[in-house]
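# Structural features, examined
Chain residues, written in single-letter form:
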Amino acid sequence: MEDEYGEMSDSGETFTYPGIYPLESGATLTSPKIRYNTYGDPSSPCLLINHALTGNSSLHTWWGSMLGPGLTFDTDKFFVVCSNVLGSCYGSTSSLSTDPETGLAYGSSFPKIGVRDTVGLQAHLLASLGVVDLKSVIGGSFGGMQTLEYPLMSPSVPGAPQASSIVPISCGLRHTAWQIAISALQRNAVETCAGLGDESKGLEIARQIGMVTYRSRDAYDKKFGREVVEGGDYDVEGYLRYQGKKFLDRFDADTYVRLTEQMDSHDVFRGREGGPDYRGIKSFTIGISSDVLYPVSEQREVAELLNGSYGEVESEAGHDGFLLEQAEVGRFIREFLETV
């Protein structure tokens, strides 16, 4: 199967929050950092792009066919900013960072982060960059959750630009029991294996669980069927083992646990009396027809709440279609941006 990401690294610039940053959990972080990359002229209208669970701020490595002059994220027209999430091991303050109280890496003691904590820092980042005209906020999966939160969080951040529009892709209004259960299985794999002295094996298994949910039944059947390979294993078993081991080269187990918890915190209704207020925000919501992790019924619910438009990509790719079907996803986004 085609990989959803290109070469992954923590390259980019760094924004440091000046002071003590309060988290939803009640904990704090001292001068937390987030990595980001920019493309295009800073004086142009801005697009903020948000990445998924194991992504990074190097937009050109995972949505590269949509980035550049004349493309969806047209760098001749837009100032494109892609921000890493708080808690990620790709250059932002995370479990790998040094705890100032101990002088050691946080590891599993890193505080729980909510999606609103990440979005608050993104708003501070855009304020520091002097962004005034925020044309749109765009993201898929976990990036879509951040996208839904930005217009709700940014009014409380001094100097942060307000979004004219949003494009949430392949996500829902809240993490459901179905999605939390999958996250919990992955965390259980990491934590159980860590207790047995093999945290890496737990991360391998967590990634394998994820890879099953990221594609569709038809995609797996078409690619692997019931083919048995040398040694007697089914071909699909070897694929999952390969994906698990490959993941160890680019991700951290404690980070994975905290980021899945961050996704589970997603609920645009939580703590908002009267519900979330998206008045004045144009929107276009995109779903992938074969997505079993975030079914299209959830994207239709998003579009209804936002009172915006909806588009669906016909694909067997499953959830990862938001990364793999770039031609169709890009067309939807490009046509929508022309109306904003």
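Described in the following lines is the structure provided in the data block.

About the criteria used
Residues numbered from 1 in each chain as written. Predicted model: local features only at pLDDT ≥ 70, side-chain atom pairs only at ≥ 80, totals over all residues. Heavy atoms only, no water. Helix = DSSP H or I, 4+ residues; strand = E, 2+ residues; numbered from the N terminus. Contact = heavy atoms within 4.5 Å. Buried < 20%, exposed > 50% of the residue type's maximum accessible area, 1.4 Å probe, protein only. Pairing = 2+ DSSP bridges. Right-handed = clockwise from strand over helix to strand, strands pointing away. Axes fitted to C-alpha atoms, helices over the stretch in contact; angles between N-to-C directions. Expected span 1.5 Å × (residues − 1). Arc of directions from axis to C-beta. Salt bridge = Lys/Arg side-chain N within 4 Å of Asp/Glu carboxyl O. Phe/Tyr/Trp six-rings, centres within 6.5 Å; stacked < 30°, edge-to-face > 60°. Lys NZ or Arg CZ within 6 Å of the ring centre and 35° of its normal.

## Comments concerning the side chain of serine 94
One can find serine 94 in the loop between β6 (79-83) and α2 (115-128). Not counting residues within four places of it along the chain, the set of residues in contact with serine 94 comprises Gly87, Ser88, Cys89, Tyr106, Phe110 and Thr255.

## With respect to the pairing of strand β7 (residues 134-140)
With respect to burial, β7 is a largely interior element, seven of its seven residues being buried. In terms of strand pairing, strand β5 (residues 46-50) meets β7 through five bridges, oriented parallel. Directly across from leucine 48, in β7, lies its bridge partner valine 137. Direction of pairing for β7 relative to strand β8 (residues 165-169): parallel, over a ladder of four bridges. What sits directly across from valine 137, in β8, is isoleucine 166. Regarding the hand of the β-α-β motif, the stretch spanning β7, helix α3 (residues 142-153) and β8 is right-handed.

## Some thoughts on the sheet that holds strand β9 (residues 282-288)
With mixed pairing, eight strands are arranged side by side in an open sheet as β1-β4-β6-β5-β7-β8-β9-β10. Lying at the two open borders of the sheet, with one neighbouring strand each, are β1 (13-16) and β10 (309-313). With direction set aside, neighbouring strand axes in the sheet form an average angle of 20 degrees. Of the strands in this sheet, β5, β7 and β8 touch α3, which is tilted by about 145 degrees from β7. Running at roughly 170 degrees to β9, helix α11 (residues 326-337) makes contact with β5, β7, β8, β9 and β10 of the sheet.

## Examining helix α4 (residues 177-195)
Each α-helix winds once per 3.6 residues, and so residues spaced three or four apart point in a common direction. Taking 1.5 Å of rise per residue, 19 residues should cover 27 Å, and α4 covers 26 Å from first to last C-alpha, within 8% of that figure. All of the buried residues along α4 are Gln179, Ile182, Ser183, Gln186, Arg187, Ala189, Val190 and Cys193. Seen along its axis, α4 keeps its buried residues to an arc of 145 degrees; they face one direction. Every exposed residue of α4 that faces more than 90 degrees away from the buried side is listed here: Ala177 and Gly195. The secondary structure elements touched by the buried residues of α4 are α5 (199-214), α8 (253-264) and α9 (296-306).

## Observations regarding the pattern of salt bridges
Inspection of the entire model under this criterion finds 18 salt bridges. Between aspartate 233 and arginine 241 there is a salt bridge; the shortest N-O distance is 2.7 Å. Look at aspartate 233 and you get partly exposed, because its relative accessible area is 28%. The exposure class assigned to arginine 241 is partly exposed, which follows from its relative accessible area of 36%. One network of salt bridges, in which partners are shared, links Arg116, Glu149 and Arg272.

## Focus: the packing of aromatic side chains
A complete count under the given rule lists 13 aromatic pairs for this structure. Considering the side-chain rings of tryptophan 62 and tryptophan 63, the 5.3 Å spacing of their centres and the 40 degrees angle between planes classify their relative orientation as tilted. Both residues of the pair, tryptophan 62 and tryptophan 63, belong to the buried class. Ring geometry for phenylalanine 224 versus tyrosine 239: centroids 5.0 Å apart, planes at 40 degrees, classification tilted. Residue phenylalanine 224 is located in helix α6 (residues 217-224), and its partner tyrosine 239 is located in helix α7 (residues 235-248); the two are separated by 15 residues in the primary sequence. Sitting over the face of the ring of phenylalanine 247, arginine 207 holds its NZ or CZ atom 4.5 Å from the ring centroid.

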